[in-house]
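Listed below are the residues making up each chain.
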Amino acid sequence: MAAAAVALARFSRKSLTSSTNLKLLQRTLATQAASPSSTSSPKSVITPSADRVSWDYRGQRKIIPLGQWLPKIAVDAYVAPNVVLAGQVTVCDGASVWAGSVLRGDLNKITVGFCSSVQERCVIHAAWSSPTGLPAETSIERYVTIGAYSLLRSCTIEPECIIGQHSILMEGSLVETHSILEAGSVVPPGRRIPTGELWAGNPARFVRALTHEETLEIPKLAVAINDLSKEHFSEFLPYSTVYLEVEKFKKSSGISI
């Protein structure tokens, strides 16, 4: 009350007639009344609970339907949690798509065949049409290994091939069966890699013919990656476990579940 009396003494009777000064006086009195007195008990500090949930619910969507198209994943195919599949994408039996890859089938179809693998950070896309007149969809057939950080667009890879990491395959390119593309290779639009050959470079050029033993190792590599993907697949449940964190949070907050 003493503080309020001092505030009232600062204003003359003439100044109180002004509406602006009156509002200022009311604001000053309200501020002083709201401030805690020196004799009051100290304000209690709220400490966070030890069971406080620090879960980040902002997760990216793995399956993105576009119009009438919904990505299709086989039951025994492994798709890493942070992979993005959009539109006309089909992942067949035994195939695997590893962390960070993006398969965007918004313009045309993308198919990952039986026991084929798309390694980390690959980008696979398909155009509306191919300038070469060949099919514009991206087709990866069985026992194919796509190296990490590769870019594929409207190309066809026949069975039992290896695409080295950081490779680029442009529209209409064709890699025939039992072929290997070295790492960092760039296949121009419409280029054909004949069967049983090793190509490399930018643009890709013929290096040599593969031996019989080398062609036999191509499907063995695909099977080995498939076996490894099963170990990763067993670590993930088909549904998220976020609900466990939510129930734990409700229980610690006294909310009935």
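Residues take numbers from 1 onward in each chain, read along the sequence in its written order. Thresholds applied to this predicted model are a pLDDT of at least 70 for local features of residues and 80 or more for the giving and counting of side-chain atom pairs; totals over whole chains, interfaces and linings are not thresholded and use all residues. To obtain the side-chain values, all non-hydrogen atoms of the structure were included, while hydrogens and water were left out.

### So, the overall build of the protein
Helical segments are the DSSP runs of H or I of at least four residues, strand segments are the runs of E of at least two, and each set is numbered from the N terminus. Assigned secondary structure in the protein consists of four helices and 20 strands. Per-residue burial for the protein yields a buried fraction of 35% across its 257 residues. In the protein, the proportion of contacts linking residues at least 24 apart, taken out of those at least 6 apart, comes to 24%. All accessible areas in this document rest on Shrake-Rupley with a 1.4 Å probe, and a residue is counted as covered only by the protein chains that are shown. Accessible surface computed for the protein: about 15800 Å², of which carbon and sulfur atoms make up 58%. Each residue is assigned to one of three classes by its accessible area relative to the maximum for its type, calculated with a 1.4 Å probe on protein chains only: buried under 20%, partly exposed between the two thresholds, exposed over 50%. In this analysis, two residues are considered to be in contact whenever any of their non-hydrogen atoms come within 4.5 Å of each other.

### A look at the confidence of the model for the protein
With 74% of its residues at a pLDDT of 70 or more, the protein has an overall mean of 82. Residue range residues 37-41 is modelled with pLDDT below 50. Its contacts to residues more than four positions away, or to other chains, number zero contacts. Across the chain, each position has a pLDDT score giving the predictor's confidence in that residue, from 0 to 100. Predicted confidence for residues 52-58 stays below pLDDT 50, and this span has six contacts to residues more than four positions away or in other chains.

### So, the pattern of salt bridges
Salt bridge, as used here, is a side-chain nitrogen of Lys or Arg placed within 4 Å of a carboxyl oxygen of Asp or Glu. Scanning the entire structure with this criterion turns up five salt bridges. Here Asp106 and Arg104 are joined by a salt bridge, their closest N and O atoms 2.6 Å apart. Linking Glu176 and Arg192 is a salt bridge whose minimum nitrogen-to-oxygen distance equals 2.8 Å. With Glu176 in the loop between β15 (174-175) and β16 (180-181) and Arg192 in strand β18 (residues 192-193), this residue pair connects regions lying 16 residues apart in the sequence. You can call Arg192 partly exposed: its relative accessible area is 44%.

### Overview of the environment of Ser154
Locating Ser154 in the fold gives a position in the loop between β11 (151-153) and β12 (156-157). Sequence-wise, Ser154 and Gly172 are 18 residues apart; in three dimensions their C-alpha atoms are separated by 5.9 Å. Apart from the residues lying within four places of it in its own chain, the contact partners of Ser154 are His125, Ala126, Ala127, Pro135, Ala136, Glu137, Thr138, Met170, Glu171, Gly172 and Ser173. Side-chain atoms alone can form a polar contact between residues adjacent in sequence; in general such a contact is a pair of N or O atoms within 3.5 Å, and within protein one must be able to donate a hydrogen while the other accepts it. Polar contacts involving the side chain of Ser154 include one to the main-chain amide nitrogen of Ala127, which spans 2.6 Å.

### Some words on the side chain of Ser167
By the element assignment, Ser167 lies in the loop between β13 (161-163) and β14 (168-169). A residue is classified by how much of its surface remains accessible, and Ser167, at 0% relative accessible area, is buried. Contact partners of Ser167, with chain neighbours within four places excluded, come to Tyr149, Ser150, Leu151, Leu181, Glu182, Ala183, Gly184 and Ser185.

### A few points about the environment of Ile64
With respect to the helices and strands, Ile64 occurs in strand β1 (residues 63-64). Along the primary structure Ile64 and Gly105 are separated by 41 residues, whereas in three dimensions their C-alpha atoms are 10.0 Å apart. For Ile64, the contacting residues outside a window of four places in its chain are Pro71, Val84, Leu85, Ala86 and Gly87.

### Some remarks on the packing of aromatic side chains
Two rings from Phe, Tyr or Trp (for Trp, the six-membered ring) form a pair when their centres are within 6.5 Å of each other. A pair whose planes differ by under 30 degrees is stacked, one over 60 is edge-to-face, and the rest are tilted. As enumerated under the stated definition, the model contains two aromatic pairs in all. Between the aromatic rings of Tyr78 and Trp98, the centroid separation amounts to 5.3 Å while the plane-to-plane angle is 65 degrees, which identifies the pairing as edge-to-face. Note that Tyr78 is positioned in strand β3 (residues 78-79) and Trp98 in the loop between β5 (96-97) and β6 (102-112), a separation of 20 residues in sequence. Ring centres of Phe114 and Tyr143 lie 5.7 Å apart, and the angle between their planes is 85 degrees; this geometry places the pair in the edge-to-face category. With Phe114 in the loop between β6 and β7 (117-118) and Tyr143 in the loop between β9 (138-140) and β10 (144-146), the pair connects residues that are 29 residues apart, well separated along the chain. Phe114 sits in the partly exposed class, given a relative accessible area of 40%.

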